[in-house]
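# Structural overview for review
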Amino acid sequence: MKFIIIGITDNTQPWFPPEVQEIIRNGKVFSGGKRHHVIMAPLLPAEAAWIDITVPLDNVFAQYSRTSHLAPRTSSNSTIIIFASGDPLFFGFANTIRRKMPEADIKLFPAFNSLQMLAHRLVMPYHDLHVVSLTGRPWPDFDQALIQRVPKIGVLTDREHTPAAIARRMLDYGYTGYTMYVGEHLGNPERERVLTLTLEAATQQSFDQPNCLILNASRTTLQHSLFGIPDSEFSLLDGRERMITKMPIRLLTLQALDLPRRQVLWDIGFCTGSVSIEARLLFPHLDIHAFEIRPECEAIIQENTRRHGAPGISIHMGDFLTTPLPIGEQTEEGLPDAVFIGGHGGRLKEIMAKVLRYLKADGVIVMNSVKAPKVTTDSHRLWDEACQELGLRQEPPMRVVIDEHHPIEILTCRR
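First, a word on scope: everything that follows refers to the structure included in this document.

What counts and what doesn't
- Residues numbered from 1 in each chain as written.
- Predicted model: local features only at pLDDT ≥ 70, side-chain atom pairs only at ≥ 80, totals over all residues.
- Heavy atoms only, no water.
- Axes fitted to C-alpha atoms, helices over the stretch in contact; angles between N-to-C directions.
- Helix = DSSP H or I, 4+ residues; strand = E, 2+ residues; numbered from the N terminus.
- Parallel < 35°, antiparallel > 145°, perpendicular 65-115°, else oblique.
- Left-handed = near helix turned anticlockwise from the far one by under 90°.
- Contact = heavy atoms within 4.5 Å.
- Nonpolar A, V, L, I, M, F, W, Y, C, P; charged D, E, K, R; others polar.
- Phe/Tyr/Trp six-rings, centres within 6.5 Å; stacked < 30°, edge-to-face > 60°.
- Buried < 20%, exposed > 50% of the residue type's maximum accessible area, 1.4 Å probe, protein only.
- Lys NZ or Arg CZ within 6 Å of the ring centre and 35° of its normal.
- Core = buried A, V, L, I, M, F, W, Y, C linked by side-chain atoms within 4.5 Å.
- Pairing = 2+ DSSP bridges.
- Salt bridge = Lys/Arg side-chain N within 4 Å of Asp/Glu carboxyl O.

### Points about the packing of helix α12 (residues 348-358) against helix α13 (residues 379-390)
- Remark: α12 packs on α13, axes separated minimally by 9 Å, with the N-to-C direction vectors making an angle of 40°. The orientation of α12 with respect to α13, classified from their angle, is oblique. Of the two elements, α12 crosses α13, and the hand of that crossing is right-handed. Touching Leu-348, Lys-349, Met-352, Ala-353 and Leu-356 of α12 are Ser-379, Leu-382, Trp-383, Glu-385, Ala-386, Cys-387, Glu-389 and Leu-390, all from α13.
- Partitioned by chemical class, the residues of the contact of α12 with α13 number nine nonpolar, one polar and three charged.

Below you can see the structure in the form of structure tokens.
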């Protein structure tokens with residue numbers, strides 16, 4: 001199947017070079033979004049057929065296939081001409097075609113994408129622009145850019161991830177050092193608008209679709225997170241200083257979890273959320289899921305994530321043994337390759353057995369065991385028994401003593 005993909009802007013009177021004009025004049029089957037159809041309708045041949053690009057996309061590609069099969073191979077009917085916004089390879093429809101029809105013959109005539117056009121309007125160099133798409137996508141890539149303190153971020157938006165919603169999220173987590181530039185209807189001489197806003201002002205605005213934005217901050221205005229957050233900077237459960245994994249132990253625990261190579265971390269029994277938050281800030285590529293049975297801990301982790309600028313941690317309240325798990329039903333999506341057990345309530349064996357049903361083949365489990373005379377449950381013994389019964393390979397424990405606190409053993413096992 002052959003596709004010719006032509007990039008357009010929001011200009012209601014688009015201009016094309018002679019080669020593209022000839023392609024349009026001789027075309028039989030065209031496709032694009034409803035907005036693209038409105039722009040291009042006056043330029044299409046009288047007998048042209050149009051296929052709307054709408055979800056679900058499988059229906060769209062089924063129409064493409066039927067059109068191609070019905071047309072003679074030598075006919076222009078066998079070529080589908082698609083209009084797409086800007087550069088079709090820039091988070092665009094050409095990528096979708098390559099994914100769904102890898103053998104397709106594709107020819108491109110790109111236009112400037114919306115973020116390029118916004119940078120042009122602002123006379124802003126964009127060679128250093130870090131681009132994130134929130135168009136039909138969740139927050140993780142955007143959160144990662146914030147945590148990494150990227151000074152210049154270009155964002156493609158949608159009707160849910162609006163400039164106002166983006167500004168609110170940034171302010172909620174303390175990312176205040178940015179100016180927001182918003183471009184609406186770029187390329188449309190009658191409706192185009194470019195705005196320069198503070199984040200606070202952006203939360204009070206409504207914005208026309210389509211739009212995109214650039215966030216810009218000087219490096220001197222961005223406050224970088226600490227390597228090792230002091231324990232005193234966390235809100236605690238009932239103010240109890242012992243109910244937190246101490247900072248040196250926390251960092252050693254993250255090292256034992258081997259997080260630079262991991263993708264999904266489960267933090268079971270998060271309490272204050274210190275391990276999840278430290279992991280989020282040091283390794284923002286991670287998909288982190290934090291579990292806790294005590295309902296009062298939900299407000300504590302929410303406060304701590306905002307205090308330390310750690311968006312994107314998925315919080316799951318309830319008993320881990322009965323809580324629905326964040327995994328795909330038919331795929332490995334969401335399966336953990338790193339698990340930290342911060343609390344087990346004496347049910348360590350049951351928890352580890354459940355973890356093992358989902359842990360990836362190269363996964364690691366880590367737990368900290370306190371060696372204190374008044375501790376009634378010997379966690380290390382339960383750990384050894386569970387590892388033996390479940391066939392897990394243990395690594396030598398790491399024994400650490402901090403100040404006057406009881407010794408702590410960092411226990412690690414692998415499949």
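Now that the structure has been shown, we can carry on.
### As for the packing of aromatic side chains
- With the rule as written, the count across this model stands at 11 aromatic pairs.
- Judged by centre distance (6.1 Å) and plane angle (70°), the ring pair of Trp-266 and Phe-320 falls under edge-to-face. In this pair, Trp-266 is assigned in strand β11 (residues 264-268) and Phe-320 in the loop between β13 (314-317) and β14 (338-341), connecting sequence segments 54 residues apart.
- You can call Trp-266 buried: its relative accessible area is 0%.
- Judged by its relative accessible area of 4%, Phe-320 is buried.
- When the ring centre of Phe-320 is taken as reference, the NZ or CZ atom of Lys-354 above it lies at 5.1 Å.

### A closer look at the nonpolar core
- Ranked by internal contacts, the top residues of the largest apolar core, which has 61 residues, are Phe-142 and Leu-215.
- In this structure Leu-215 touches Phe-142, Pro-151, Lys-152, Ile-153, Val-155, Met-170, Tyr-178, Thr-179, Met-180 and Leu-199, once residues within four positions along its chain are discounted.

### Here's the deal with the sheet that holds strand β8 (residues 179-184)
- Taken together, the five strands give an open sheet; going across it, the order is β6-β7-β10-β8-β9, and neighbouring strands pair in mixed fashion. Each having just a single partner strand, β6 (130-133) and β9 (193-198) make up the two edges of the open sheet. The mean angle between the axes of side-by-side strands here comes to 20°, regardless of whether they run parallel or antiparallel.
- Two strands pair when backbone bridges link them, and β8 and β9 are joined in this way by six bridges, in the antiparallel orientation.

### Some words on the pattern of salt bridges
- Considering all chains together, one arrives at 24 salt bridges under this definition.
- Note that Glu-22 is salt-bridged to Arg-25, the shortest N-O span being 2.5 Å. Of this pair, Glu-22 and Arg-25 both sit in helix α1 (residues 18-26), three residues apart, roughly one helical turn.
- Exposure remark for Glu-22: the relative accessible area of 39% places this residue in the partly exposed category.
- By relative accessible area, which is 52% here, Arg-25 ends up exposed.

### Overview of the sheet that holds strand β4 (residues 79-85)
- Within the open sheet, the five strands sit side by side as β3-β2-β4-β1-β5. Their pairing is parallel. The sheet terminates laterally at β3 (49-52) and β5 (105-109), the two strands that pair on one side only. Averaged over all adjacent pairs, the angle separating strand axes in this sheet is 25°, with direction ignored.
- By the bridge criterion, seven bridges tie strand β1 (residues 2-8) to β4 in an arrangement that is parallel. Residue pairing across strands places Phe-3 opposite Ile-80, the latter belonging to β4.
- Sitting on the sheet, α1 is in contact with β1, β2 (29-32), β4 and β5, with an inclination near 130° to β5.
- Together, β1, β4 and β5 form the strand contacts of helix α4 (residues 93-100), whose direction differs from that of β5 by roughly 175°.

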